[in-house]
Amino acid sequence: MKIQHNKSLKKYNTFGIEALASHFVEITTIQNLQEVLQQENYPKKIVLSGGSNMLITNDLNALVMHINIKGITIISEDENHVVLKIMAGENWHELVIWTINQDYGGLENLSLIPGNVGTSPIQNIGAYGVELKDSFESCEAIDVATQQLITFSKSDCQFGYRDSIFKNAGKGKYIITSVNLKLNKPPHSPNTSYGAIETELKENKIDHPTIKDVSDAVIAIRQKKLPDPIKLGNSGSFFKNPVITKEKFITFLDNNPDAPFYQISETSYKIPAGWLIEKCGFKGKRFGDAGVHKNQALVLVNYGGASGQELLLLAHKIQDAVLTRFGINIIPEVNIIS
Ligand code: EPU
């Protein structure tokens with residue numbers, strides 16, 4: 001296990017932000033991780049996984065632990081299901097494609113989401129009507145304080161919209177090392193209820209989609225709307241879609257009758273933050289090398305040389321504008337690292 005010094009993190013974060021880690025270590029086994037955590041000469045330790053949901057705002061005076069533990073194994077299977085154990089360092093989209101090639105259903109709507117498997121439970125990744133929690137069985141994590149490997153069941157994880165225990169009571173306390181997912185064997189009944197998927201399949205004249213058809217449709221939709229981090233640095237949705245009370249929603253809809261929304265419960269409504277940001281005039285705007293994507297206002301982009309501070313400033317400007325115009329607070333979905 002080799003500790004590197006003054007390591008550039010540019011290729012480890014999908015925003016492509018240049019920042020240095022004073023110390024950096026590649027973790028390839030659980031034992032590696034336990035050993036590193038026991039080292040007392042690095043008081044500040046930061047976990048880095050796929051780097052797809054983080055904004056690094058300055059050089060990091062810390063030991064950055066890059067979790068790169070690989071492997072996929074079948075834990076159990078019967079006629080209808082298979083349970084896979086996937087190690088944290090596996091790339092999410094490569095996993096999705098692998099499951100489709102095996103004809104295991106359940107992850108097809110989650111195609112092309114950047115990042116690694118180990119961080120997928122933290123924000124309960126979701127897209128096109130499906131969330132990780134729908135196929136999640138359990139995960140294993142190292143307790144940072146004791147270095148013990150512990151298991152979290154689905155209910156232990158307390159999944160919500162872009163939310164879990166790992167963002168709340170468990171924040172900073174655990175490092176996920178593997179995830180167990182329960183997937184379906186054929187015959188499949190893919191979830192095509194999300195409007196954009198239906199439209200894409202119709203355009204391609206597909207009436208009875210296979211899981212591969214759904215994955216292809218999701219890939220096509222994402223490629224139209226969302227920038228490829230390899231070509232244009234970004235972190236997917238920068239903000240969560242805000243959820244507001246019915247009372248607030250009624251006034252909001254009176255003032256904005258054309259606004260899209262989803263009813264979440266009897267008393268709460270979700271408003272697409274992308275719509276709010278677009279209405280405030282930010283869509284496609286550029287401030288130096290920091291900008292708002294032209295096809296999806298929820299995505300902040302780095303045109304090349306933006307610093308984390310510049311992107312953070314832009315995020316604050318957007319939050320202020322949305323609050324002033326709509327009285328709605330939008331909260332970042334990405335982790336702000338300093
Ligand atoms: N909209 C606008 N302007 C925009 C963007 C969106 O008016 O610039 C409107 C759209 O017209 C639509 C509504 O907002 O009526 C919803 O847009 P979209 O279907 O693109 O989804 P979203 O709510 O903006 C969420 C997720 C995405 C996920 C899509 C599809 C969050 C924070 N984001 O975006 O997730 O891919 O739904 O399921 O929930 C991510 O988390 O990184 C991510 C990309």
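None of the values given here were measured: they were computed from a predicted structure.

Here we look at the sheet that holds strand β19 (residues 299-302)
The sheet built from 4 strands is open, its strands ordered β13-β19-β18-β17 with antiparallel pairing. The open sheet has two edge strands with one neighbour each: β13 (233-237) and β17 (286-287). Across 2 bridges, the pairing between β17 and strand β18 (residues 290-292) is antiparallel. Looking at the pairing, Phe 287 lines up with Ala 290 of β18.

Points about the site of the ligand
Inspection of the region around the ligand gives 24 residues, with Tyr 128, Tyr 161, Tyr 194, Lys 225 and Glu 278 positioned closest. Between the ligand and Asn 241 there is a distance of 2.8 Å, counted from an oxygen atom to a side-chain nitrogen or oxygen. Ala 297 is positioned such that a nitrogen or oxygen atom in its backbone is 2.8 Å from an oxygen atom of the ligand. Taken by itself the ligand offers 820 Å² of open surface, and the protein chains cover 82% of this. At the level of secondary structure, the elements contributing two or more residues to the shell around the ligand comprise α5 (211-225), β13 and α7 (273-279). Residue contributions to the shell around the ligand peak at 3 residues, all from α7. Viewed by domain, the shell around the ligand spans two of them, domain 2 (72-184) and domain 3 (233-337), each represented by three or more residues.

Description of the environment of Ala 88
With respect to the helices and strands, Ala 88 occurs in the loop between β7 (81-87) and α2 (92-101). Relative accessible area serves as the criterion here: at 1%, Ala 88 is assigned to the buried category. Linking Ala 88 and Gln 148, residues 60 residues apart in sequence, is a C-alpha distance of 16 Å. Setting aside anything within four residues of it in sequence, one finds Ala 88 in contact with Ile 67, Ile 69, Asn 116, Val 117, Gly 118, Ile 176, Thr 177 and Ser 178.

Quick look at the sheet that holds strand β11 (residues 149-153)
Pairing is antiparallel in the open sheet, where 5 strands are placed in the order β6-β7-β12-β10-β11. Looking at strand neighbours, the two that pair on one side only are β6 (72-77) and β11, the edges of this open sheet. On average, adjacent strands in this sheet sit at an angle of 25 degrees to one another, irrespective of strand direction. As judged from the 5 bridges shared by strand β10 (residues 136-143) and β11, these two strands associate in the antiparallel manner. Considered in β11, the bridge of Ser 138 is made with Ser 153.

Reading the values: the criteria
- Residues numbered from 1 in each chain as written.
- Predicted model: local features only at pLDDT ≥ 70, side-chain atom pairs only at ≥ 80, totals over all residues.
- Heavy atoms only, no water.
- Pairing = 2+ DSSP bridges.
- Helix = DSSP H or I, 4+ residues; strand = E, 2+ residues; numbered from the N terminus.
- Near = heavy atom within 4 Å.
- Polar contact = N/O pair within 3.5 Å; in protein donor to acceptor, adjacent residues only side chain to side chain.
- Areas by Shrake-Rupley, 256 points an atom, 1.4 Å probe, with all protein chains shown as cover.
- Domains from an automatic or database assignment.
- Buried < 20%, exposed > 50% of the residue type's maximum accessible area, 1.4 Å probe, protein only.
- Contact = heavy atoms within 4.5 Å.
- Axes fitted to C-alpha atoms, helices over the stretch in contact; angles between N-to-C directions.

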